[in-house]
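Here is how the chains run, residue by residue.
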Amino acid sequence: LGEKADLSSLVNSFHALTKSSKVRFHHLSTKEFKAVISSAVGGNEEFVTLFTDDVRKVWTSPKQIANLTTRVKWSEFPYSKVKEEEILFALANFARSGVGFEFVENPHFENFFRLIAPDYTNFNKDDLIKCW
């Protein structure tokens, strides 16, 4: 990955998610969504910013893809100590923020999240409801 972050796959996946669920563009900057990303990257704030705020920037101005230089330590990616229970709780909290539980089964969400956390186990809406 080097020093350049090509976020186009993340942008495309999130864009498709917004067209097929209650998840919207503004959710990228909500504390609930950032908590989901944080749980997948071990709390690394640089990665949280990259996968939320920087994805928003690239979405609104695709030319930024070529100029987006990151200082994140790619040697720490992907985060290998993902705690599935922590992710599940964060996903349930995000669902309760108004997007509903179905998003977690959306293939575009699964693709987006797998780019961030390749070892992610797909949860279903029943898993999230149990955390209610």
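Up top you'll find the structure we're talking about.
Basis of the calculations
- Residues numbered from 1 in each chain as written.
- Predicted model: local features only at pLDDT ≥ 70, side-chain atom pairs only at ≥ 80, totals over all residues.
- Heavy atoms only, no water.
- Salt bridge = Lys/Arg side-chain N within 4 Å of Asp/Glu carboxyl O.
- Helix = DSSP H or I, 4+ residues; strand = E, 2+ residues; numbered from the N terminus.
- Buried < 20%, exposed > 50% of the residue type's maximum accessible area, 1.4 Å probe, protein only.
- Contact = heavy atoms within 4.5 Å.

## As for the pattern of salt bridges
Piece 1. Across all of its chains, the model carries 2 salt bridges by this definition.
Piece 2. Two residues, Asp 54 and Lys 57, come together in a salt bridge whose shortest N-O distance is 3.5 Å. One end of the pair is Asp 54 and the other is Lys 57, both in helix α4 (residues 53-60) and 3 residues apart, which spans about a single turn.
Piece 3. Of the residues examined, Lys 57 reaches a relative accessible area of 41% and is grouped as partly exposed.

## What about helix α2 (residues 31-40)?
Piece 1. Judged by how many residues are buried, α2 sits mostly within the fold: 7 of 10 residues are covered.
Piece 2. Buried residues along α2 sit in contact with α1 (8-19), α3 (45-51), α6 (84-99) and α7 (107-116).
Piece 3. A positive backbone phi angle near 65° is found at Gly 42, which sits one or two residues after α2.

Structural measurements only, silent on function.
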